[in-house]
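# Coordinate analysis (summary)
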Amino acid sequence: MILGIDTSLGTAVAAIARDGEVLADEQSANPLGHAEVIGELLRRASSGVDAAPTHVAVGMGPGPFTGLRVGIATARVYALGRGVPVVPVPSHDGVALGVLLADALTGTETGRFAVVTDARRREFAFSVYDGLDDDGLPVRLSDAALSPRDDLDARLDEIGARRYDATSVSAAMIALVAARALDADRTLTGAEPLYLRSPDVVAAHAPKRVS
């Protein structure tokens, strides 16, 4: 069983079997309050599954600094307590896999598309994809980047990418991306979160010396 966690937009926790069967799927769409709800979501997702987790998949963003920290810290602590590895997954990869699987079920030709999420400060975060590779993973043509809201459509038109705006990230899809990456012995991203910009809060300056 693979446990998936993502807090790049709302808060989501899911459990899937290695073959992709969804065993539990809990989520909160509230873009704030990650720390207040993630414990309960984790409890509900874990209590409904008989099997113990073999891996914890976690969405690494892009997303806000505070939200990502909550999800990543929770995943690492939970994995440490269970003695299982953490599998980092770009959050946009989870969205992209969901889009591609949904289109495959309806026989829709997806084509090149961009997963777009709200990065606040009048900016969007976006990643560009084009189909699935031989391992069943989304083909990422460009890593996550920021764009001013007013400029994004023109940028996507230049590269011929359809825009897909995501308001949530499925933890089940994060876990499924991780499962396929594990089967293919691939690493999709590093251990550092994809913040895309520095946090608003910075460390205070050292106290001034008083003579």
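Above this note sits the structure.
Okay, so let's go over this structure. (Residues numbered from 1 in each chain as written. Predicted model: local features only at pLDDT ≥ 70, side-chain atom pairs only at ≥ 80, totals over all residues. Heavy atoms only, no water.)

## Things to note about the sheet that holds strand β2 (residues 11–16)
Spatially, the five strands line up as an open sheet ordered β3-β2-β1-β4-β5, and their pairing is mixed. Both outer strands of the open sheet, β3 (22–28) and β5 (86–89), are each paired with one neighbouring strand and no more. Sheet twist, expressed as the average angle between the axes of neighbouring strands with direction ignored, equals 15°. With six bridges joining them, β2 and β3 adopt antiparallel strand pairing. (Pairing = 2+ DSSP bridges. Helix = DSSP H or I, 4+ residues; strand = E, 2+ residues; numbered from the N terminus. Axes fitted to C-alpha atoms, helices over the stretch in contact; angles between N-to-C directions.)

## Some words on the environment of Arg43
Relative to the assigned elements, Arg43 resides in helix α1 (residues 34–47). Here Glu40 takes part through its side chain, which lies 2.7 Å from a polar atom of the side chain of Arg43. (Polar contact = N/O pair within 3.5 Å; in protein donor to acceptor, adjacent residues only side chain to side chain.)

## Digging into helix α5 (residues 171–183)
Compared with the 18 Å implied by 1.5 Å per residue over 13 residues, the 18 Å span of α5 between its first and last C-alpha is a close match. The element α5 is extensively covered by neighbouring structure, given that ten of its 13 residues are classed as buried. Those residues of α5 lying buried are Ala171, Ala172, Met173, Ile174, Ala175, Leu176, Val177, Ala178, Ala179 and Ala181. Contacts from the buried residues of α5 go to β1 (2–6), β2, β3, β4 (55–59), β5 and α3 (91–106). At the exit of α5 stands Asp185, carrying a positive phi of roughly 55°. (Expected span 1.5 Å × (residues − 1). Buried < 20%, exposed > 50% of the residue type's maximum accessible area, 1.4 Å probe, protein only. Contact = heavy atoms within 4.5 Å.)

## Concerning the packing of aromatic side chains
All told, the structure shown has two aromatic pairs when counted by the stated rule. With a centroid separation of 4.6 Å and an interplanar angle of 45°, the aromatic rings of Phe65 and Tyr195 are classed as tilted. Residue Phe65 is located in helix α2 (residues 65–82), and its partner Tyr195 is located in the segment after α5; the two are separated by 130 residues in the primary sequence. The partly exposed category is assigned to Phe65, whose relative accessible area is 26%. The class for Tyr195 is partly exposed, based on a relative accessible area of 23%. One Lys or Arg, Arg163, reaches over the ring of Phe124 and ends 4.7 Å from the middle of that ring. (Phe/Tyr/Trp six-rings, centres within 6.5 Å; stacked < 30°, edge-to-face > 60°. Lys NZ or Arg CZ within 6 Å of the ring centre and 35° of its normal.)

The analysis is restricted to geometry; functional conclusions fall outside its scope.
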